[in-house]
2 protein chains.
Amino acid sequence: MRPSHVLAVDIGGTKLAAALVDPEGRVTAQDRVPTPNEPGVGGEELWQALDALLAKLVAGAGDPPLAGVGVGCGGPMTWPAAEVSPLNIPAWRGFPLRERLRARHPGLPVRIHNDAICVAVGEHWRGAGRGHGNVLGMVVSTGVGGGLILDGRLVNGASGNAGHIGHVVVDPGGPPCACGGRGCLEAIARGPGLVAWAREQGWRPDGRPGGSDATGVELAADARRGDPVAGAAMRRAGRALGIAIASATHLCDLEVVAIGGGLSQAGALLFDPLGEALRAHARMDFARRARVVPAALGQTAGLVGAAALVHAQDRYWSAG
Amino acid sequence: MRPSHVLAVDIGGTKLAAALVDPEGRVTAQDRVPTPNEPGVGGEELWQALDALLAKLVAGAGDPPLAGVGVGCGGPMTWPAAEVSPLNIPAWRGFPLRERLRARHPGLPVRIHNDAICVAVGEHWRGAGRGHGNVLGMVVSTGVGGGLILDGRLVNGASGNAGHIGHVVVDPGGPPCACGGRGCLEAIARGPGLVAWAREQGWRPDGRPGGSDATGVELAADARRGDPVAGAAMRRAGRALGIAIASATHLCDLEVVAIGGGLSQAGALLFDPLGEALRAHARMDFARRARVVPAALGQTAGLVGAAALVHAQDRYWSAG
């Protein structure tokens, strides 16, 4: 049996997911477990949960010979060495993920990148950006992340951090951002940012007047039901996204912007004001040709993109 | 004699410049003429002026065998076919510059790119960005343009227009831009935009109370002499530049931003407020490492960059 599958891994704050992905980008087997992420969980305990998930998946698939291991993981991380310190996984701080996976899979390529970059790569390789040379893939959720494919190749930048569209400035006098700046796209359009703004305007999640754990997805649902403040919050996010995408399109001469993540499921409530702001600000002839589309691969985009770091290394992996 | 020199050309609204550039990026001969750009000048007349300039330069250098022809020209243009329609040269609209130069130099590579991109390439190859993989080169003058080198290569984008930092949005409610948008960097920081703003605030160019032809360079000179309105105008431009560079740095994970063009000669009057705004908005760890520096090559950057389209084609030319 030829070593044709990549073991793809997606490491997030709520779940660990793994899959076997064939050279065409098809997921032939997958599994997931909740991320052991309670206070007090140690780094080794988390690693063992991941190790068990991978062992079970590969054994269940008849232990096929592997072409390599591809991983998407929350940032920040050193890159390409991938000592990872995911913001939402406190148990791992400088955890040597690449080194550990290399020891687990001697002789195989092990390649790790930011989770939002893997989503962008997945959408470029087999999703909404397929066939285009210049694509921004975005994830709009509790944060706003992304990845850039330009001239047909994934852009890494100086430290593997290219694609951070969430920290493009859309309103210099706007709200403070967790990064320490002000008026970043993420400060306005991330789910919790939208919820905070809506609350200030008087929005109360249905049936939960206190509801400190209301999410952007609930806010979007209320907007669909006609709640005026929730609707205004979605318009505010859409406008911010449109302005940031206009800037990115002018700077990078993009053809397609593919938007995924929980908030993107708000549909026209988000995409209509986004399109309006984009048309107002992306005015150069070349920029008016860019299209903004919903991501196509859903939950598997990150796994498919992680696999592409090995399967399509000529386009998506330029590091050692 | 080995064909070692590139015939480099820089086509602007006020001058046509040409040079012979060796493989090390040294200019071994150069010449220039004013651009015949009066109303009524035809496209062929302009071509003949260019043809004469090139013939004189090459003959004066002993007619060396050439490795190719590299050209920077004002946009817009089709790319890479280079039918050029420079905004500030009305005589050329869809002029087939690449085709004409190919007919003039049969068998040689002829490569044409946007003039600001050639400046960025020159600064990357032999100037302030040398040795770095991720560089934004900018020209701040009567317009604001640029070029992007990422992961060691020039980025072209979908239509050769990547690098248009001038149309990154820095203030969504800001002044209208010639592109049809609002609050673009160029609308605020281009010389004529600064002059217009300073006039509104009561600035009068020294000794020329009417002075409709005052320039950004004069404004900068007045700022150096302590004129408060001129100083405020430079701060306004610097802040806008800092915000746009913060956005570009987050999106592209840049190491170096090299700023050239007439206005960049204002020195600390521009670079101090720029640095302040950049430090306020570029807060992610990776972005704080980026450096903003003055361009190093001055007037020859565009010629050196045009030559690099041939001399260093592995990095700077990916089209046919």
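The structure displayed is predicted, hence computed values, not measured ones.

Calculation criteria
- Residues numbered from 1 in each chain as written.
- Chains lettered and ligands numbered in written order.
- Predicted model: local features only at pLDDT ≥ 70, side-chain atom pairs only at ≥ 80, totals over all residues.
- Heavy atoms only, no water.
- Least-squares fit on C-alpha atoms with pLDDT ≥ 70 in both.
- Contact = heavy atoms within 4.5 Å.
- Domains from an automatic or database assignment.
- Buried area = accessible area lost by both parts, 1.4 Å probe.
- Salt bridge = Lys/Arg side-chain N within 4 Å of Asp/Glu carboxyl O.
- Pairing = 2+ DSSP bridges.
- Helix = DSSP H or I, 4+ residues; strand = E, 2+ residues; numbered from the N terminus.
- Axes fitted to C-alpha atoms, helices over the stretch in contact; angles between N-to-C directions.

*Asks:* Give me the relation of the copies chain B and chain A: which residues, what numbers.
*Replies:* For the pair chain B and chain A, the best superposition has an RMSD of 0.0 Å and corresponds to a rotation of 180 degrees with a translation of 0.0 Å parallel to the axis. Such a combination of turn and shift is consistent with a two-fold rotation axis. The position closest to the rotation axis in chain B is occupied by the C-alpha of B:Asp171, lying 3.1 Å away. The fraction of interface residues of chain B whose copies in chain A are also interface residues reaches 100%, indicating that both copies meet through the same surface.

*Asks:* Go over the domain arrangement of chain A, please, and point to the residues and values.
*Replies:* All names here are of chain A. For chain A, the assigned domains read domain 1 (5–119 + 300–316) and domain 2 (131–296). Between domain 1 and domain 2, the C-alpha centre-to-centre distance is 26 Å. The partner domain 2 presents 12 residues to the eight residues of domain 1 that form the contact. Note on domain 1 versus domain 2: buried area summed over both sides is about 900 Å², and carbon and sulfur give 63% of it. Contact with domain 2 buries surface across domain 1, with Trp-79, Ala-116 and Ile-117 losing the most and accounting together for 48% of the total.

*Asks:* An account of the pattern of salt bridges is needed here, citing residue identities and associated values.
*Replies:* Applying the stated criterion across every chain yields a total of 12 salt bridges over all chains. Among the ionic pairs, A:Arg26 bridges to A:Asp22, the shortest N-O distance being 2.8 Å.

*Asks:* Any chance you could break down the sheet that holds strand 11 (residues 256–260) of chain B for me, citing the residues and the numbers?
*Replies:* Residues and elements named next belong to chain B. Pairing in this open sheet of five strands is mixed, and the strands run 10-9-8-11-12 from one edge to the other. The sheet is open, and its two edges are formed by strand 10 (153–154) and strand 12 (291–294), each paired on a single side. In terms of strand pairing, strand 9 (residues 144–150) meets strand 10 through two bridges, oriented antiparallel. In the sheet register, Leu-150 faces strand 10, and the bridge partner there is Arg-153. Helix 7 (residues 228–252) rests against strand 8 (135–140), strand 9, strand 11 and strand 12 of the sheet, and its axis sits at about 155 degrees to strand 8. Its contacts with the sheet put helix 8 (residues 268–281) on strand 11 and strand 12, and the angle it makes with strand 12 is roughly 165 degrees.

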